[in-house]
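# Fold and geometry: a report
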Amino acid sequence: VQLQASGGGLVEPGGSHVLSCAASGSIFSIDLMGWYRQGPGNQRELVATVTSGNSMAYGEAVKGRFTISRDFNKKSVHLQMNNLKPEDTSVYYCYGRIRLVTKVGGEYWGKGTPVTVSS
């Protein structure tokens, strides 16, 4: 399984940006996909996740500003980020809890895409 993220880049404070992640491989089903982030010297933290039942969870730092959506038929998730702040600067990692065609489930991480919020 591979998780391919796209959309990282430079954004001005107060601006909006979208991250996308697509899963590929021998996938039977997706239980959950989402995003975590890790800034310099910090631990990896939850940004947002969404389950196959469309249950969403958000980190406290992004509640009310970020929105996650999913299209598991296309094996993808999108993160709409609004009112971005300099403290949102981080490397964003796509995460998935995925079941393979062998019915074996596992956790998978993408390589990370950097988002920099700066004027």
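The structure this text deals with has already been given above.
Structure report, in brief. (Residues numbered from 1 in each chain as written. Predicted model: local features only at pLDDT ≥ 70, side-chain atom pairs only at ≥ 80, totals over all residues. Heavy atoms only, no water.)

### Focus on the state of the cysteines
Defined as follows: The disulfide definition used here is simple: a pair of cysteine sulfur atoms within 2.5 Å. Helix and strand definitions here come from DSSP, where helices need a minimum of 4 consecutive H or I residues and strands a minimum of 2 consecutive E residues; each element is numbered from the N-terminal end. Relative accessibility thresholds used throughout: buried, under 20% of the residue-type maximum; exposed, over 50%; partly exposed, between the two (1.4 Å probe, protein chains only).
For the coordinates displayed, the defined rule picks out 1 disulfide. Paired through a disulfide, Cys 21 and Cys 94 show a sulfur-sulfur distance of 2.0 Å. The S-S bond linking Cys 21 to Cys 94 shows a torsion near -95°; that makes this disulfide left-handed. Of this pair, Cys 21 sits in strand S3 (residues 17-24) while Cys 94 sits in strand S9 (residues 90-100); the two residues are 73 residues apart in sequence, bridging distant segments of the chain. With relative accessibility at 1%, the residue Cys 21 sits in the buried group.

### Quick word on the pattern of salt bridges
Basically, it comes down to this: Salt-bridge detection follows one rule: a side-chain nitrogen of Lys or Arg within 4 Å of a carboxyl oxygen of Asp or Glu.
Across all of its chains, the model carries 5 salt bridges by this definition. Between Asp 88 and Arg 37 there is a salt bridge whose closest N-O contact spans 2.9 Å. In this pair, Asp 88 sits in the loop between strand S8 (76-81) and S9 while Arg 37 sits in strand S4 (residues 27-38), placing the two residues 51 residues apart along the sequence. For Asp 88, a relative accessible area of 1% corresponds to the buried category. The network of salt bridges with shared partners includes Arg 37, Glu 45, Arg 65 and Asp 88.

### Concerning the side chain of Ser 20
For clarity, the cut-off: Each polar contact in these results corresponds to two N or O atoms within 3.5 Å; when the atoms are within protein, one needs to be able to donate a hydrogen and the other to accept it, and residues that are neighboring in sequence are counted only if both atoms are side-chain atoms. Any two residues whose heavy atoms approach within 4.5 Å at even a single point are treated as in contact.
Turning to its location among the elements, Ser 20 is positioned in strand S3. Side-chain polar atoms of Ser 20 contact the side chain of His 78, separated by 2.8 Å. Those residues in contact with Ser 20, other than ones at most four positions away along the chain, are Gln 4, Ala 5, Ser 6, Trp 35, Val 77 and His 78.

### Some points on the sheet that holds S3
Quick note on the threshold: Only strands joined by at least two bridges in the DSSP assignment are considered to pair. Only the contacting stretch of a helix is used when fitting its axis, a line to C-alpha atoms as for every element, and angles between N-to-C directions run 0 to 180 degrees.
Sheet architecture is open: 4 strands sit in the order S1-S3-S8-S7, paired in antiparallel fashion. Every other strand in the sheet has two partners, leaving strand S1 (2-6) and strand S7 (66-71) as the edge strands with one partner each. Across the sheet, the axes of successive neighbouring strands diverge by a mean angle of 15°, strand direction being ignored.

Functional significance is not addressed by these values, which are geometric in nature.
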